Amino acid sequence: MAAKASDTQRTKFVLDEKDIPSKWYNIQADLKTPAPPVLHPGTGQPIGPQDLAPLFPMELIKQEVSRERWIAIPDGIRDVLRLWRPSPLYRARRLERALGTPARIYYKYEGVSPAGSHKPNTAVAQVYYNKQEKVTRISTETGAGQWGSALAMACSFFGLQCKVYMVKVSYQQKPYRRIMMETWGAQVVASPSPDTQAGKKVLQQDPNSPGSLGIAISEAVEDAATREDTKYSLGSVLNHVLMHQTVIGLEAKKQLEKADDEADIVIGCAGGGSNFAGLSFPFAADKLTGKQKKLRIIAVEPSACPSLTKGKYVYDFGDAVGLTPLVKMHTLGHAFVPAPLHAGGLRYHGMAPLVCKLYDEGVIEAVAVSQVSTFQTAVQFARTEGIIPAPESAHAIRVVIDEALRCKRDGKRQAILFNLSGHGHFDLGAYEAFLAGKLQDYEYPAEKIAEALRGVPKVKA
Ligand SMILES: *Cc1c(COP(=O)(O)O)cnc(C)c1O
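Conventions and cut-offs
Residues numbered from 1 in each chain as written. Predicted model: local features only at pLDDT ≥ 70, side-chain atom pairs only at ≥ 80, totals over all residues. Heavy atoms only, no water. Core = buried A, V, L, I, M, F, W, Y, C linked by side-chain atoms within 4.5 Å. Buried < 20%, exposed > 50% of the residue type's maximum accessible area, 1.4 Å probe, protein only. Domains from an automatic or database assignment. Contact = heavy atoms within 4.5 Å. Near = heavy atom within 4 Å. Polar contact = N/O pair within 3.5 Å; in protein donor to acceptor, adjacent residues only side chain to side chain. Areas by Shrake-Rupley, 256 points an atom, 1.4 Å probe, with all protein chains shown as cover. Helix = DSSP H or I, 4+ residues; strand = E, 2+ residues; numbered from the N terminus. Nonpolar A, V, L, I, M, F, W, Y, C, P; charged D, E, K, R; others polar. Pairing = 2+ DSSP bridges. Axes fitted to C-alpha atoms, helices over the stretch in contact; angles between N-to-C directions. Buried area = accessible area lost by both parts, 1.4 Å probe. Salt bridge = Lys/Arg side-chain N within 4 Å of Asp/Glu carboxyl O.

Draft legend 1. Main features of the nonpolar core. Residues Trp-24, Ile-77, Tyr-232, Phe-281, Phe-283, Val-355 and Leu-417 are the most contacted members of the largest nonpolar core, which totals 95 residues. Two domains each put at least three residues into this core: domain 1 (12-22 + 74-116 + 246-453) and domain 2 (42-66 + 119-239). Those residues in contact with Phe-281 that lie beyond four places of it in its chain are Tyr-25, Ile-27, Leu-242, Thr-246, Phe-276, Leu-354, Val-355 and Leu-358.

What follows is the structure in structure tokens.
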């Protein structure tokens, strides 16, 4: 669709506070067949709400399995979201000009939240429901530190204690993320830590373990499962987390209407799948219900941790040690420890089951990109659009630019929308390495993945 002449210089599409969505979109309502059940690791049977009750408040457990299309956002949550929502939608005019592409590039910028990413959208919701159910302490893991900071901030708003197990490689690379969490009142330890049995076990095998999201999840889950006052909170992967993020896509749809435009391609980076789903699910709805047939939706992952493009679609544990229920997802094997990529938020062995289901059904596509080429586009983006992207978000930008250049070659005037899930102000060490020519690519770890996949539990389908 051609943009109107009057819009030729419009760069920013902003909404009013009253346009913050009042309902989340639940894609489970529009799936042709229900998502595969989550299984109990001991019995192999589908788990019920009572199995999850030690870890999550009941309201979130209900949301996890709900097939209602729309779920109302309580005012107590919207009142906090007002601090940074609605987030802006930008047209990347300078990037378009630099590329010489006829494509129109739009980005939804989630770096405007106080924690600097999309993660507070669900952190606030999760802490709110825990507070409602009288929980006083929350444990969690964090990779790059984005989720830990979001949860620490949300806990400070609602007066809950927060314990964060931070993947060791990020703990070392990003001291300022830790200080941010501590400023918001959280307690932070490097994972694997001696504070849990799971952490001790990993440290015994490998005292220099760089840690992984999987290991940190094991620790945080154990913490919550062994304490009365504590529940666990996950920043991605789960159905309810993806649903909380749909405020992003719902706003973006309204903003594209303001731009008098329609997306042909929707792109997001995918670690656990939440920012990708948050932007894309409200658009995928139009594909699932037959309203929009031609739309392409692309998830981008690092080639060093390629769960969608190289993983197996089987039941596996969500954590490294094998404490969580079994979920059907594209997995590299729960014991897979990815290379210490700078995009810490993309170092997860699995992927959100709902994203995997859409991928399996051909509703979405997936692409894997390498670290160095990702930083090349991150710098190009910073030099044209100003914003220094989080290394995670830069994965999406890599593919946005590839698609825009394809449009240039083929003379296609398509509209590309992507999620700029966060800023990279705490990732300048990675930029420093890139600018000094010291950033490296990691080979696709075929052997390590094959080995980890042999450890996936056998489950009758
Ligand atoms: C955590 C994070 C990601 C990856 O997590 P998803 O659940 O896949 O969104 C991506 N971008 C940023 C900025 C993050 O903080």
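Draft legend 2. The arrangement of the site of the ligand in detail. In the vicinity of the ligand, 19 residues are found, and the nearest of them are Lys-119, Ser-236, Gly-271, Ser-274 and Ser-421. Taking Gly-271, its main chain carries an N or O atom lying 2.7 Å from an oxygen atom of the ligand. Summarising the interface, the protein chains cover 97% of the accessible area of the ligand, which totals 380 Å² for the free molecule. Going through the elements one at a time, α13 (274-288) and α17 (391-410) are the ones with two or more residues in the shell around the ligand. Grouping the constituent residues of the shell around the ligand by class yields 4 nonpolar, 13 polar and 2 charged. Formed jointly, the shell around the ligand draws a minimum of three residues from each of two domains, domain 1 (12-22 + 74-116 + 246-453) and domain 2 (42-66 + 119-239).

Draft legend 3. View of the sheet that holds strand β7 (residues 161-167). A sheet is described by the order of its strands in space; here 4 strands give the open sequence β8-β7-β6-β9, paired in parallel fashion. Only two strands of the sheet have a single partner each, and these edge strands are β8 (187-191) and β9 (230-232). Strand-to-strand twist in this sheet, taken as the mean axis angle between neighbours without regard to direction, amounts to 25 degrees. By the bridge criterion, 6 bridges tie strand β6 (residues 137-142) to β7 in an arrangement that is parallel. In the sheet register, Arg-137 faces β7, and the bridge partner there is Gln-161. Here helix α8 (residues 175-183) sits on the sheet and contacts β6, β7 and β8; the angle it forms with β7, its principal contact strand, is near 170 degrees. Packing against the sheet, helix α10 (residues 213-225) makes contact with β6, β7, β8 and β9, and its axis sits at approximately 170 degrees to β6.

Draft legend 4. Geometry of the side chain of Arg-398. Mapped onto the elements, Arg-398 comes out in helix α17. Within the local environment of Arg-398, its side chain forms a polar contact with the side chain of Asp-402, the two groups lying 2.7 Å apart.

Draft legend 5. Quick peek at the domain arrangement of the protein. Structurally, the protein comprises domain 1 (12-22 + 74-116 + 246-453) and domain 2 (42-66 + 119-239). Computed over C-alpha atoms, the centres of domain 1 and domain 2 are 22 Å apart. With 41 residues of domain 1 in contact, the opposing surface of domain 2 contributes 40 residues. Taking both partners together, domain 1 and domain 2 bury about 3100 Å²; carbon and sulfur atoms supply 68% of that area. Counting across the interface, domain 1 meets domain 2 through 1 salt bridge. Of the charged contacts, one joins Lys-174 and Asp-427 as a salt bridge, the two residues approaching to 2.3 Å between their closest N and O atoms. The interface formed by domain 1 and domain 2 contains 12 residue pairs in polar contact (both at pLDDT 80 or more). Residue assignment for the side of domain 1 that touches domain 2 shows that the elements contributing at least two residues are α3 (75-81), α12 (246-258) and α15 (353-360).

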